[in-house]
Each structure stands twice: as C-alpha cells, then as structure tokens.
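Observations on the three-dimensional arrangement
Here is what each chain is made of, one letter per residue.
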Amino acid sequence: MTIAAFAGGGHAEEAPATPAKGAARGAEVFAEQGCGSCHTFAPANARGGLGPDLGLSLDGKDKNYVLQSIVDPSAVIAPNYGDLMPSDFAQRIDPSDLDPLVAYLMKGAAG
Amino acid sequence: MRRVLLAVGLWLVLAPAAQAGGWATVTLSSTPAGVQPGKTWGVDVTVLQHGRTPLTGVHPVVTIRGGDTIKDFAASPTGKPGVYRAEVVFPSAGRWTYQIDDGFISQMPHTYPAVQIGGPGATSADGGGPNLLWLIPGIALLLAAALLLIGPRLRGNGRQPQAA
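Right, let's walk through the structure included here.

Rules used throughout
- Residues numbered from 1 in each chain as written.
- Chains lettered and ligands numbered in written order.
- Predicted model: local features only at pLDDT ≥ 70, side-chain atom pairs only at ≥ 80, totals over all residues.
- Heavy atoms only, no water.
- Helix = DSSP H or I, 4+ residues; strand = E, 2+ residues; numbered from the N terminus.
- Buried < 20%, exposed > 50% of the residue type's maximum accessible area, 1.4 Å probe, protein only.
- Contact = heavy atoms within 4.5 Å.
- Areas by Shrake-Rupley, 256 points an atom, 1.4 Å probe, with all protein chains shown as cover.
- Salt bridge = Lys/Arg side-chain N within 4 Å of Asp/Glu carboxyl O.
- Buried area = accessible area lost by both parts, 1.4 Å probe.
- Polar contact = N/O pair within 3.5 Å; in protein donor to acceptor, adjacent residues only side chain to side chain.
- Nonpolar A, V, L, I, M, F, W, Y, C, P; charged D, E, K, R; others polar.
- Pairing = 2+ DSSP bridges.
- Phe/Tyr/Trp six-rings, centres within 6.5 Å; stacked < 30°, edge-to-face > 60°.
- 1 Å grid on protein atoms, 1.4 Å probe; cavity = no way out; pocket = protein on both sides within 12 Å on 5 of 7 lines; lining within 4 Å.
- Points joined across faces, edges and corners; volume = space filled by probe spheres on them.

Check the secondary structure of chain B and you find 2 helices and 10 strands. Beginning at the N terminus, the succession of helices and strands in chain B can be written as α-β-β-β-β-β-β-β-β-β-β-α. Looking at the 164 residues of chain B, the share that counts as buried comes to 33%. Taking the intrachain contacts of chain B between residues at least 6 apart in sequence as the baseline, contacts between residues at least 24 apart amount to 58%. Total accessible area computed for chain B in this model is approximately 10000 Å², and 62% of it derives from carbon and sulfur atoms.

In structure tokens:
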C-alpha cells in the first residue's frame, strides 16, 4: 500500500538540486536514520549484520526497487534474511530526503 | 587456528544475543558534517530496540578518533524515552571517524563514514562542495591592502589646490 503511494507518487522521479548535493544529503540521511545499525554498506562505513549488505543486495536494482526496499521493506525479503526491518520509514523520513537516500544507495551499490 | 577460535567465540557471544532480540538501532538528529573544531556537535541519539521500541536506562557513548586521539562522550537521557543527548567536541581540524556504542549491545558499535572537521572541504566525507569560508580572511586582507594603497591617492585628489 505504502509503496504504491510512493512509487506511483513520483518521489523517485523528482530530481534533487544537484546529484552531488543529493548524494551528500543521502549519506546524511543514511547515518541519521540508523541504516548502518543493521546493514553493511561500504560507502557509509556501515557494518551492521542483521540485514543484507546493501552494496550487494541493491547492486543493479532500479530506483523503484530501492525506494520500495525503504518504504515497504516486507515486499521483497532478501534470501537468508528475516522480515525484521521496521515498516515505518515512509513516516520517519522526510519525503524530500527519500530521493537523495535512493540516489546515495544506488550510487554506492553500483560502486 | 586462533582466528577461527576467535570467530567461533564471537559468534557464540553475539549470535544468541541478536537472535534473542538483543539488538538496537541508533538514529541521529544530525551528523557532524560542517562542525568546526572546538565547537560543540550536540546530537540527539535515539536508541530503539528492534528499530522500534525506545530503550530507556542505557548509556550510549559517542567515540571519536583522529590520528592518535580517541575521545569518548557519554550521552545523557533527555527525558524523552530512548533519546539521549551527547555534546561532542572535535578538538582539532582534520579527518575524524566516529562511532556510537548504544549501551545495549556494546560489542556491536554503530559506525559512520569519516568526516573532515574544519579547514578546506569541511563537509561529510561522502560529498558536498568544498567549504570556501577559509577564503574570507584572505579576501579581507586583500581589500585592506587595496584600501591602504588607493586611499592616500584618493585623499590627495580631493585636496588639489583650486585655481587662483
């Protein structure tokens, strides 16, 4: 339900001011929201081990998939991991911060 | 062999804790990006068991590392469940790393990317434009020098004797 609102709502289509600025904000959102508490993600020096390594699990995935994994994490569960991720990040994260976070994750996963 | 034993030992310690629900997330009210040396980075650290339930009665600690310097800053309860306040000061400019012990499962610190504190490019290590604030004193000096050079000439022009 939530993902329909976000993916269909066009958040992922709204371009941030500049890619560099967006990615920088994305890094801050990642830290502020505590993503690294559960996920390993090399660009963020994050070493959490409860969820999948985002550099691997998001590699090659498109924007909508990455967005869905944030706002509706139960939609697709990574193999060998449980359905542990809180489902309220759509409420916790300011809508304007979603695009930068998605961009940051995509860039990091591709790197 | 010792490494294998160590790994098994760590797994025996950590895995049951994690499987039994012994894990927490840490969210921050801000990151230290843009903080100047000697200035306070006041950050609210929210500790949530399972990423959901505010944890009270724990003692989170923010640890910063730069070169050989390591400093710990204990976070204090704010009165809001699960929210703790740390007043962190990076003593000098340079590249610093920081991590947070949530006070719940201390063996699993929450780690973050390094940040540049003070000086040129004082932003998050992961991006952002360079900080050009350091140019301001230089520009001020140039303006002062220009005024010193041009000032007397202007005054001289203003005092030219009138034709008789």
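Let us keep going from here.
Turning our eyes to something else, we now look at the pattern of salt bridges. Residue and element names in this part refer to chain A. Under the defined criterion, the tally for this structure stands at 6 salt bridges over all chains. Arg25 is paired through a salt bridge with Glu32; the nearest N and O atoms lie 3.2 Å apart. A residue is classified by how much of its surface remains accessible, and Glu32, at 13% relative accessible area, is buried. Note that Arg92 is salt-bridged to Asp88, the shortest N-O span being 3.0 Å. In this structure Arg92 comes out as partly exposed when scored by relative accessible area, which is 25%. Sharing partners across several salt bridges, the network here consists of Arg25, Glu28, Glu32 and Asp97.

Further remarks concern the environment of Pro91(B). Residues and elements named next belong to chain B. On the secondary structure map, Pro91 appears in the loop between strand E7 (83–89) and strand E8 (94–101). The class for Pro91 is partly exposed, based on a relative accessible area of 42%. Setting aside its immediate chain neighbours within four residues, Pro91 contacts Pro37, Gly38, Ile64, Lys71 and Trp96.

To continue, consider the interface of chain B and chain A. Counting residues at the interface gives 23 residues for chain B, matched by 22 residues for chain A. Buried surface at the junction of chain B and chain A, both sides included, amounts to about 1600 Å², of which 55% is carbon and sulfur. The interface formed by chain B and chain A includes 7 residue pairs in polar contact (both at pLDDT 80 or more). At the level of secondary structure, the elements contributing two or more residues to the side of chain B that touches chain A comprise strand E1 (24–28) and strand E9 (110–111) of chain B. By residue number, the principal contributor to the side of chain B that touches chain A is E1(B), which donates 5 residues. In the side of chain B that touches chain A, the residues fall into 10 nonpolar, 11 polar and 2 charged.

Residue and element names in this part refer to chain B. Counted residue by residue, E1 has 5 buried out of 5 residues, so it is predominantly covered. With burial as the criterion, each face of E1 is covered, one bearing Ala24, Val26 and Leu28 and the other bearing Thr25 and Thr27. By the bridge criterion, 5 bridges tie E1 to strand E2 (residues 40–49) in an arrangement that is antiparallel. Considered in E2, the bridge of Ala24 is made with Gln49.

On to the packing of aromatic side chains, then. The relation between two aromatic rings is expressed through the spacing of the ring centres and the mutual angle of the planes. Tallying each qualifying case throughout the model produces 7 aromatic pairs over all chains. Aromatic pair Phe30(A) and Phe41(A): ring centres 5.4 Å apart, planes at 35 degrees, arrangement tilted. A residue pair is termed long-range when its members are at least 10 positions apart, and Phe30(A) in helix H2 (residues 19–32) and Phe41(A) in strand E1 (residues 40–41) qualify at 11 residues. By relative accessible area, Phe30(A) is classed as buried at 3%. Through successive ring pairs, a cluster of aromatic residues spans Trp41(B), Phe90(B), Trp96(B), Tyr98(B) and Tyr112(B).

Here we take up the environment of Asp72(B). Residues and elements named next belong to chain B. Tracing the chain through its elements places Asp72 in strand E5 (residues 69–74). Judged by its relative accessible area of 54%, Asp72 is exposed. Counting along the chain gives 26 residues from Asp72 to Tyr98, while the straight-line C-alpha distance between them is 9.7 Å. There is a polar contact of 2.7 Å between the side chain of Asp72 and the side chain of Thr63.

The subject of this paragraph is the layout of surface pockets. All names here are of chain A. Empty space within the largest pocket amounts to approximately 660 Å³. If you list the elements that add at least two residues to the lining of the largest pocket, you get helix H3 (54–57), helix H4 (63–71), helix H5 (89–92) and helix H6 (95–110). Of the residues assigned to the lining of the largest pocket, the class counts are 24 nonpolar, 9 polar and 3 charged.

Another aspect to go through is the environment of Asp94(A). Residues and elements named next belong to chain A. One can find Asp94 in the loop between H5 and H6. Separated by 54 residues in the primary sequence, Asp94 and Thr40 place their C-alpha atoms 23 Å from one another. Of the polar contacts made by the side chain of Asp94, one reaches the side chain of Ser96; its length is 2.6 Å.

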